[in-house]
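# Architecture at a glance
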Amino acid sequence: MDEIARLRSRYIDLTVSALTHMLYRPFDIRWDQNPEPDDYSGSDELREAAAKEFAREDFDWASVRADGRDWPQYAQTMVGLKRLANVRDCVERVIADGVPGDLIETGVWRGGVVILMRAILDAYDDRERTVFAADSFRGVPPPNDDAYPSDAGSRLHTAKALAVPREDVERNFDLYGLLDDRVRFLEGWFKDTLPAMKGRTWSVIRLDGDLYESTMDALANLYPGLSVGGFLIVDDYGHEPCRQAVTDFRDANGVDEPIEPIDWLGAFWRRAH
Ligand SMILES: C[S@@+](CC[C@H](N)C(=O)[O-])C[C@H]1O[C@@H](n2cnc3c(N)ncnc32)[C@H](O)[C@@H]1O
């Protein structure tokens, strides 16, 4: 490995460690520190089970954060290390292969994944691509039971912890020295903001909006613009509503590239045609 490649790799590693808060001690896991019902959308039983787990003396804090199973207090992403490695791999591959198009994440929370995307482009001195950060910046929409029965009963919209103001995300970009004119914010519900993105070319699309509706809105508006050789990443594929939206979209549009699992939650595929 030449010297530039070695330093580039160390910069990206360090960025990941900082974004996940794994660079710092004490460990940063949210559930036990803020067990308010509004902060965690799971059932009471789940919350109690989590609290019991945390109380165990041999509880493995590092692996929870590394797996991205919690909603951390300080980290700028809740995504775990394997899914971040997948983001890195996808971005590096589109750069290496010259796959055209911008990058987008739909559902950015505190911005960690889009900051990582921008950092990787910077590390490779890519001056062409823009990173788009799409979010309401006020959390997940209430479920629309009639239009999207798969989302019925979801309480995610009550989770205050998911509502991160745009200024906070901008500040996080700025902390890494990465807020510039090749970062664009799409503020609002996906159903209102993403239709205006039709016609753009994408090299990496990452979906992290939790609901069927959020996943489907992103796929319908963005997937037609994904370059051949580009990547479609789904953070929440392990959650039933999201998986159902992916299945319905693929079936309706003849998408047949194999879906590759990343970890217990995420999956992706590379567009072949
Ligand atoms: C699980 S968080 C995303 C985590 C993030 N990718 C990270 O790196 O930690 C889900 C985000 O999606 C946003 N969201 C979900 N559905 C949305 C929709 N339909 N329109 C706009 N924002 C949405 C929420 O505001 C929230 O910030």
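See the structure above.
Residues numbered from 1 in each chain as written. Predicted model: local features only at pLDDT ≥ 70, side-chain atom pairs only at ≥ 80, totals over all residues.

### Things to note about the packing of helix α8 (residues 212-222) against helix α9 (residues 240-253)
For clarity, the cut-off: A fitted line through C-alpha atoms serves as each axis, taken over the contacting stretch for helices, and the angle formed by two N-to-C directions is quoted from 0 to 180°. Secondary structure elements follow DSSP: runs of H or I of four or more residues count as helices, runs of E of two or more count as strands, with numbering from the N terminus. Under this scheme an angle from 65 to 115 degrees is roughly perpendicular, one under 35 degrees roughly parallel, and one over 145 degrees roughly antiparallel; angles in between are oblique. The crossing is said to be left-handed when, going from far helix to near helix, the turn is anticlockwise and less than a right angle, and right-handed when the turn is clockwise. For every residue pair, C-beta atoms are placed from the backbone, and the pair is scored as a contact if these atoms sit within 7 Å.
Following both chains from N to C, one finds α8 and α9 inclined at 30°, their axes separated by 8 Å at the closest point. Taken as axis vectors, α8 and α9 run roughly parallel relative to one another. Considering how the two elements wind past one another, α8 and α9 form a crossing that is right-handed. Contacts between α8 and α9 involve Tyr212, Thr215, Met216, Leu219 and Ala220 from the first element and Pro241, Cys242, Gln244, Ala245, Val246 and Phe249 from the second.

### Things to note about helix α6 (residues 166-175)
Note the threshold: Buried means a residue has 20 or more other C-beta atoms within 10 Å of its own C-beta, exposed means 12 or fewer, and partly exposed covers the counts in between; C-beta atoms are placed from the backbone. Read the arc as the range of directions from the helix axis to the C-beta atoms.
All of the buried residues along α6 are Val169, Asn172 and Phe173. Summarising the axial view, the buried residues of α6 lie within an arc of 100°, below the 170-degree limit, and thus occupy one face. Residues of α6 that are exposed and point over 90 degrees away from its buried face: Glu167 and Asp174. Its buried side turned inward, α6 meets α5 (112-123), β2 (131-135) and β3 (183-187). Downstream of α6 by one or two residues, Gly177 has phi in the positive range, about 70°.

### With respect to the pairing of strand β7 (residues 267-270)
The cut-off we apply is this: Strand pairing is assigned whenever DSSP identifies at least 2 bridges connecting the two strands.
For strand β5 (residues 226-234) and β7, the ladder comprises four bridges, and the chain directions are antiparallel. When the sheet's bridge partners are listed, Phe231 is paired in β7 with Arg270. Pairing between strand β6 (residues 260-261) and β7: two bridges, direction antiparallel. Counterpart to Glu260 in the pairing with β7 is Phe268. Counting the residues that bridge the hairpin from β6 to β7 gives five residues.

### A look at the site of the ligand
Worth spelling out the cut-off: Nearness is defined per residue: the C-beta atom, placed using the backbone, must lie within 6 Å of the molecule or strand. For this classification, Asp, Glu, Lys and Arg are treated as charged, while Ala, Val, Leu, Ile, Met, Phe, Trp, Tyr, Cys and Pro are nonpolar and the rest, including Gly, are polar.
In the vicinity of the ligand there are 23 residues, among which Thr77, Gly107, Trp109, Gly209 and Ser214 approach most closely. Each residue belonging to the shell around the ligand can be placed in one class, and the counts come to 12 nonpolar, seven polar and four charged.

### Remarks on the nonpolar core
Generally speaking, soluble globular proteins have nonpolar side chains that are buried together. Test applied: Only buried residues count toward a nonpolar core: Ala, Val, Leu, Ile, Met, Phe, Trp, Tyr and Cys, linked into one set through C-beta atoms within 7 Å. For the domain bounds, the source is a domain assignment made automatically or taken from a database.
Formed by 64 residues in total, the largest nonpolar core has its most connected members in Leu116, Met117 and Val234. No other element matches the nine residues that α5 contributes to this core. Residue-level mapping places this core at the junction of two domains, with at least three residues from each of domain 1 (3-67) and domain 2 (81-270). Not counting residues within four places of it along the chain, the set of residues in contact with Met117 comprises Val87, Val91, Leu103 and Val131.

Note that every value here comes from positions in space, so none of it alone points to a role or purpose.
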